[in-house]
Amino acid sequence: MPVGVKDIVATRGVPTTAGSRILEGWRPPYDATVVERMRAAGLVMLGKTNLDEFAMGSSTEYSAYGPTYNPWDLTRIPGGSGGGSAAALAAYEAPLTVGTDTGGSIRQPGAVTGTVGAKPTYGGTSRYGLVAFSSSLDTPGPCARTVEDAALLHAVLAGHDPRDSTSIPQPVPDVVGAARLGATGDLTGVRLGLVREFGAEGAEPGVMAAFRDGLDALTKLGAEVVEVSCPHFQYALPAYYLIAPSECSSNLARFDGVRYGLRVGDDGQKAIEEVMSLTREAGFGPEVKRRVIIGTYALSSGYYDAYYGQAQKVRTLITRDFTAAFEQVDVLVSPTTPFVAFPLGSRTSDPYQMYLADLYTIPTNLYGGPAISVPCGLSEGLPVGFQIMAPTLADDRMYRVAAALESAVGTLTPGELS
Amino acid sequence: MAAISREEVAHLARLSRLAVSEEEIDVFAGQLDVILQAVARVGEVVAEDIPPTSHSVPLTNVLRDDVEVPCLTPEEALAGAPDVEEGRFRVPRILEEEA
Amino acid sequence: MTVTLPPYDEVVARYEPVIGLETHVELGTKTKMFCGCPIDFGGQPNTRICPVCLGLPGSLPVANKAAIEATIRIGLALNCTIATWSRFARKNYFYPDMPKNYQISQYDEPLCVDGWLDVEVEGEIVRIGIERVHLEEDTGKTQHVGGATGRIHGATESLVDYNRAGIPLVEIVTKPVPGTGALAPIVARAYVTELRDVIRSLGVSDVRMEQGSLRCDVNTSLSLPGEPWGTRTETKNVNSLRSVERAVRSEILRQAAVLDAGGKIKQETRHLHEETGDTRPGRSKETATDYRYFPEPDLVPLAPDPAWVASLKEALPELPRVHRKRLQTDWGLSDLDMRSVVNAGAVELIEETIAAGASPRAPASGGWASWPAAPTRPASSWSRWVPRPRRWPSCSAWSTRASSTTSWPAPYWRA
Ligand SMILES: [Zn+2]
């Protein structure tokens, strides 16, 4: 079974660029744990897939190696950061791919390409060998065309890894069994939570319509819809854009042209400090630089409490919102992303508009629980994703609901390919 | 009032070892101002008594035994290096002590 | 600034010195702090490294249990409170000997806090407060090439060996020590000596200053009686017991001369020059360093089980001062005689001789108490202390930074 691997995952002897010029030509001397696990399960690596540089972006336009196009409409973005992994599935170039999800980088590309993308519980899949973007959020996970395929790959990727201190030493829930159970189309007694605060944030009307169709389909299968309040979710995006850049500013410090990767400006005269600065200036793209600068700012001693420290407290409150919500419902549901695939170039000049693509996916990353995006219909001929969020370590729950939805609305294939 | 000045951007870029151009500073200053004003909303939350969350998994004491694991070969270790001399990583002259 | 130094006695009669010491100890674990690479200084450059300690993209640290245990034992021996909740933090700064351009260290949640160590000076016990004991990772070694005698200044390039990167390093920080007056340099030396002996008795490090497995930074400030403490300077790269004493003494003299001339002490890092015995400023930086500490997201918190800590405390060996007291009683030595034996570094030798069959009474009746006891001069004689015109290992052969020293010889016990 061939599998595509997002190019931020270390593959022994095979170039691993993280979509960045600074790592051009770097061949890791080791395999990521998820790659080891796939090899051991008999999966064959088909190739590496494109991504926004260091997984920072929502459109795959920030790859140093050029953008990836959406198979549904080649003038539109395939989502990001894992646009390559999602587009490869939608275009039938690969049956399975691996992604990483820090703020929605598996789910949002899944949504806008009409494929399935699952972010496992943080700590459920090993981060060892993932070129780190934001260590407390990064989670590798499966991308596939069907929920069952995603569950099968999930089962291969997941499991405790002693090389990752944040890996959870507990058995992986039976995600495959749960997907097969869900595919029978019975959700009797399952309670779906609709986050009240998401309603106010305003997704595109077409996206909301497709989402409601999905919700109706699930209620027809026996699920019950309950409105829940998560008052701090409105602060998830600001908290995320402090925490992730802070961790990234530190994680990306190692790219300095000393031990591996690009070196620029070493003319025998310049001192190391200048060579490092020229290397990083030439090796990083604009979005990475912006985030490194924001992170450096947020961690500075004068600003730490107001920014990074406060964001970590907000993270606690968001976690409490989730915990309270899961006392009332089994899973939370929402659209995966507020808008369908947008045209290339339409959001690159205004970074904050780009950040809004992750509005609904980010809260889960801050909480650490699992979430999946599964197609629920089309808006203006473009796919819409339905997001199911489950409690930490209850990855099986989201697969059950996702498979049930899939059984009701079917899978999506771009017109030209069907 | 701007959340961040052009000078601050230049200073942060220097701290981050980014040799940004003057034009980049102009562009970044405007963009970072928008972003920082947006993310500063975290300050609206009253959270004095709230403990910070740095990890979503409640694990503690994840330790390994003091047991040797094979190292990389020197060839593997140095393979990706931009410049190598006598089995070591060669770097341009060092000006400052640190930071 | 060229100034004439006032006489030491006269200076310490007018000013009150406050000292503080930060000591780094390399632990003698089998493997590094966060990876399984062996700690073995005998190897060729870059042969004891792996993706983790080379900071390759995607690699992750996992903390060495033996290093945590050793740190807690050091904390217990120094009468510290062992934290029930402790975390690693990232200290961010760029330097080529640091593979990740951040050091995994501890910041506001160290493993051990608030202890003390009693040291004996001139027959009196001085209690040195211990602020904290924390754990961090060592850096690689940088050799400067092209300049004169391996100096950082004038070098055209540098070569980096990461074999040392990631070796567990324990940092022991004292509280400020006021009130020692003219004895400040001797107290500093006695503290480092006692600390070395304590750590050696725990068997967690070979604590050899000359080989860099024990390194010391010395803080010194002066103030007038009744005034708030003065601005402190930090003297780095103090790599022998003798240098600890010299560093404090020369800083006292230098600062007094500056203050007497109406000047202000600059808070700065200085370096002891072994040839002359004086300290000189390091490179000044445009701005104060902001390390942007934050909790290390790749590691989870430490929460040492109090029962485990109690069992470690129970199992601590007899500490050196207690041990010496017992020997003194066994050997029937007077305080003064015992001090002579200790100062001559002859305790172990006598113990071994006795173990080999000599009579335990021999030291008391014989000449051991009258061993050449060079360092036990009366305090006043220190005022006439002059650096002897001896050749010491050149300090300039070392880089300006404790952690980027050019070449430490391999400690024999690890080879
Ligand atoms: Zn290693």
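Residues numbered from 1 in each chain as written. Chains lettered and ligands numbered in written order. Predicted model: local features only at pLDDT ≥ 70, side-chain atom pairs only at ≥ 80, totals over all residues. Heavy atoms only, no water.

Looking at an unreviewed UniProt entry, one finds chain C named Aspartyl/glutamyl-tRNA(Asn/Gln) amidotransferase subunit B and attributed to Phytohabitans suffuscus. Recorded in UniProt for chain C, the comment headed Subunit (unreviewed entry) runs: "Heterotrimer of A, B and C subunits." The annotation that UniProt attaches to chain C under Sequence similarities (unreviewed entry) is "Belongs to the GatB/GatE family. GatB subfamily." (UniProt positions renumbered as here; feature names shortened; annotations may be inferred.)

As recorded by an unreviewed UniProt entry, chain A carries the name Glutamyl-tRNA(Gln) amidotransferase subunit A and is attributed to Phytohabitans suffuscus. For chain A, the Subunit (unreviewed entry) comment in UniProt is given as "Heterotrimer of A, B and C subunits." Taken verbatim from the UniProt record of chain A, the Function (unreviewed entry) comment is "Allows the formation of correctly charged Gln-tRNA(Gln) through the transamidation of misacylated Glu-tRNA(Gln) in organisms which lack glutaminyl-tRNA synthetase. The reaction takes place in the presence of glutamine and ATP through an activated gamma-phospho-Glu-tRNA(Gln)."

**Student:** Residue-level account of the side chain of Lys100(C), with values.
**Tutor:** Here Lys100(C) shows up in the loop between strand S4 (89-92) and strand S5 (102-105). On the basis of relative accessible area, Lys100(C) is assigned to the buried category, the value being 8%. In this view, Lys100(C) contacts Ser250(A), Ala253(A), Arg254(A), Gly55(C) and Glu137(C); residues no more than four positions away in its chain are not counted. (Helix = DSSP H or I, 4+ residues; strand = E, 2+ residues; numbered from the N terminus. Buried < 20%, exposed > 50% of the residue type's maximum accessible area, 1.4 Å probe, protein only. Contact = heavy atoms within 4.5 Å.)

**Student:** Lay out the coordination of the zinc ion in plain terms, naming residues and giving numbers.
**Tutor:** Residue and element names in this part refer to chain C. All of the protein donors around the zinc ion are Cys 35 (SG), Cys 37 (SG), Cys 50 (SG) and Cys 53 (SG); their distances to the metal are 2.3 Å. Viewed at the metal, the four donor atoms of the zinc ion are separated by angles of 99 to 117 degrees, and the geometry they form is tetrahedral. The sequence motif formed by the donor residues of the zinc ion is C-x1-C-x12-C-x2-C. Placement of Cys 35 in the loop between strand S1 (16-26) and strand S2 (63-64) and of Cys 50 in the loop between S1 and S2 is noted, with a sequence separation of 15 residues between them. You can call Cys 35 buried: its relative accessible area is 5%. (Donors = N, O, S within 2.8 Å, 3.2 Å for Na, K, Ca; no water. Tetrahedral: all angles 85-135°; square planar, octahedral: opposite > 155°, others 65-115°.)

**Student:** Kindly report on the interface of chain B and chain A, identifying the contributing residues and their values.
**Tutor:** Of the residues lining the interface, 53 residues belong to chain B; the matching set on chain A comes to 62 residues. Between chain B and chain A, a total of about 5000 Å² is buried, with carbon and sulfur atoms accounting for 65% of that surface. The interface formed by chain B and chain A contains four salt bridges. A salt bridge links Arg17(B) to Glu273(A), with the shortest nitrogen-to-oxygen separation between them at 3.6 Å. Listed by contribution, the elements that provide at least two residues to the side of chain B that touches chain A are helix H1 (6-15), helix H2 (22-39) and strand S3 (88-92) of chain B. The element that contributes the greatest number of residues to the side of chain B that touches chain A is H2(B), accounting for nine residues. Looking at the side of chain B that touches chain A residue by residue, the class counts come to 33 nonpolar, nine polar and eleven charged. (Buried area = accessible area lost by both parts, 1.4 Å probe. Salt bridge = Lys/Arg side-chain N within 4 Å of Asp/Glu carboxyl O. Nonpolar A, V, L, I, M, F, W, Y, C, P; charged D, E, K, R; others polar.)

**Student:** Can you tell me about the packing of aromatic side chains, naming the residues and giving the values?
**Tutor:** Residue and element names in this part refer to chain A. One pass over the full model with this rule turns up 27 aromatic pairs over all chains. The interplanar angle of 40 degrees and the centroid separation of 5.9 Å between the aromatic rings of Trp 26 and Tyr 260 together place this pair among those described as tilted. Taken together, the residues span a long stretch of sequence, with Trp 26 in the loop between strand S1 (2-6) and helix H1 (33-40) and Tyr 260 in the loop between helix H8 (236-251) and helix H9 (272-283) at a distance of 234 residues. The pair formed by Trp 26 and Tyr 260 is uniform in burial state, with each residue classed as buried. Ring-pair connections join several aromatic residues into one group, and the members of that group are Phe 198, Phe 233, Phe 322, Phe 326, Tyr 360 and Tyr 367. (Phe/Tyr/Trp six-rings, centres within 6.5 Å; stacked < 30°, edge-to-face > 60°.)

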